[in-house]
Amino acid sequence: MALRMWASSTANALKLSSSVSKSHLSPFSISRCFSTVLEGLKYANSHEWVKHEGSVATIGITAHAQDHLGEVVFVELPEENTSVSKEKSFGAVESVKATSEILSPISGEIIEVNKKLTESPGLINSSPYEDGWMIKVKPSSPAELESLMGPKEYTKFCEEEDAAH
């Protein structure tokens, strides 16, 4: 039970939904932003990243999120040719600690899903920014990309989040 409470509080600190009810959340949180933050990406405060190239945006979870979730053992992703909405769930990851929803940092049409994650969810553990990407989206509102944080802002956000906990 203690592990479940710790995992839930970590997911809560990352602003990820947990399958454990909120009444079981611990009042403390362990959070660090010493994980890899890459240049050229945009970051959401819910710890997803976006790489925008031309008319396509690739989305995944940050190394920071993966580090706090622990070993990812299952990934649930949406179908291609469906829509995602900013700050709405498009899938879930299950780790040895918790099951967490993944929120889309932007709105748009899903044009590709990383099907390799179905058979090898561990790609998120070993390569969250390269092989562990989740979906590719054709953005419907380019302005949403501008509302996301750059690497320096994301690092500062994580530091402030850590200080608050």
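Procedures and definitions
Residues numbered from 1 in each chain as written. Predicted model: local features only at pLDDT ≥ 70, side-chain atom pairs only at ≥ 80, totals over all residues. Heavy atoms only, no water. UniProt positions renumbered as here; feature names shortened; annotations may be inferred. Helix = DSSP H or I, 4+ residues; strand = E, 2+ residues; numbered from the N terminus. Buried < 20%, exposed > 50% of the residue type's maximum accessible area, 1.4 Å probe, protein only. Polar contact = N/O pair within 3.5 Å; in protein donor to acceptor, adjacent residues only side chain to side chain. Phe/Tyr/Trp six-rings, centres within 6.5 Å; stacked < 30°, edge-to-face > 60°. Salt bridge = Lys/Arg side-chain N within 4 Å of Asp/Glu carboxyl O. Patch = residues over 30% accessible without salt bridge, like charges linked within 9 Å, V, L, I, M, F, W, Y side chains within 5 Å. Areas by Shrake-Rupley, 256 points an atom, 1.4 Å probe, with all protein chains shown as cover. Contact = heavy atoms within 4.5 Å. Pairing = 2+ DSSP bridges. Axes fitted to C-alpha atoms, helices over the stretch in contact; angles between N-to-C directions. pLDDT = per-residue confidence, 0-100. Core = buried A, V, L, I, M, F, W, Y, C linked by side-chain atoms within 4.5 Å.

Caption draft 1: Summary view of the UniProt feature "modified residue: N6-lipoyllysine" (unreviewed entry) in the protein. As recorded in UniProt, the sites labelled "modified residue: N6-lipoyllysine" (unreviewed entry) are K97. With respect to the helices and strands, K97 occurs in the loop between β6 (89-95) and β7 (99-103). Owing to a relative accessible area of 23%, K97 belongs among the partly exposed residues under this scheme. A distance of 3.4 Å separates a polar side-chain atom of K97 from the backbone oxygen of H68.

Caption draft 2: Just the packing of aromatic side chains, in detail. Summed over the entire model, instances satisfying the criterion amount to three aromatic pairs. Judged by centre distance (4.5 Å) and plane angle (10 degrees), the rings of Y43 and Y154 are stacked. Taken as a pair, Y43 in strand β1 (residues 42-43) and Y154 in helix α6 (residues 151-164) lie far apart in primary sequence, 111 residues in all. Each member of the pair, Y43 as well as Y154, is classed as buried.

Caption draft 3: Seen up close, the pattern of salt bridges. In this structure the tally under the stated criterion is three salt bridges. Here E53 and K51 are joined by a salt bridge, their closest N and O atoms 3.8 Å apart. K115 is the partner of E80 in a salt bridge, and the nearest nitrogen-oxygen pair spans 3.4 Å. Separated by 35 residues along the polypeptide, E80 in the loop between β4 (72-76) and β5 (83-84) and K115 in the loop between β8 (108-113) and α3 (116-119) bring together distant segments of the chain.

Caption draft 4: Examining a nonpolar patch on the surface more closely. On the surface, V73, F74 and V96 cluster together into a nonpolar patch covering about 260 Å² of accessible area. Residue position: V73 is located in strand β4. Judged by its relative accessible area of 37%, V73 falls in the partly exposed class.

Caption draft 5: Seen up close, the side chain of S104. Turning to its location among the elements, S104 is positioned in the loop between β7 and β8. In terms of polar contacts, S104 uses its side chain to reach the backbone carbonyl oxygen of I106, at 2.5 Å. Every residue in contact with S104, bar those within four places of it in the chain, is listed here: I59, V84, S85, K86, E87, K88 and F90.

Caption draft 6: Spatial organisation of the sheet that holds β4. Spatial strand order, β4-β6-β7: three strands in an open sheet with antiparallel pairing. Both outer strands of the open sheet, β4 and β7, are each paired with one neighbouring strand and no more. Each strand axis lies, on average, 25 degrees off the axis of its neighbour in the sheet, ignoring direction.

Caption draft 7: Molecular detail of the confidence of the model for the protein. Scored by pLDDT, the protein comes out at a mean of 82, with 79% of its residues at no less than 70. Predicted confidence is poor over residues 1-34, with pLDDT under 50, and the contacts of this stretch with residues over four places away or in other chains come to 65 contacts.

Caption draft 8: A look at the nonpolar core. Counting residues in hydrophobic clusters, the biggest one holds 25 residues, and the most contacted among them are F90, V93, I124, M134 and I135. Among the elements of the structure, β3 (56-61), α2 (63-69), β4, β6, β8, α4 (123-126) and β9 (135-139) are those that each provide at least two residues to this core. Broken down by element, this core gets its largest block of residues, three residues, from β3. If we ignore the near neighbours within four places in the chain, the residues touching I124 are I61, Q66, V72, V75, V93, L117, G132 and M134. Counting 10 residues, the second largest nonpolar core, distinct from the first, contains Y43, W49, A63 and F157.

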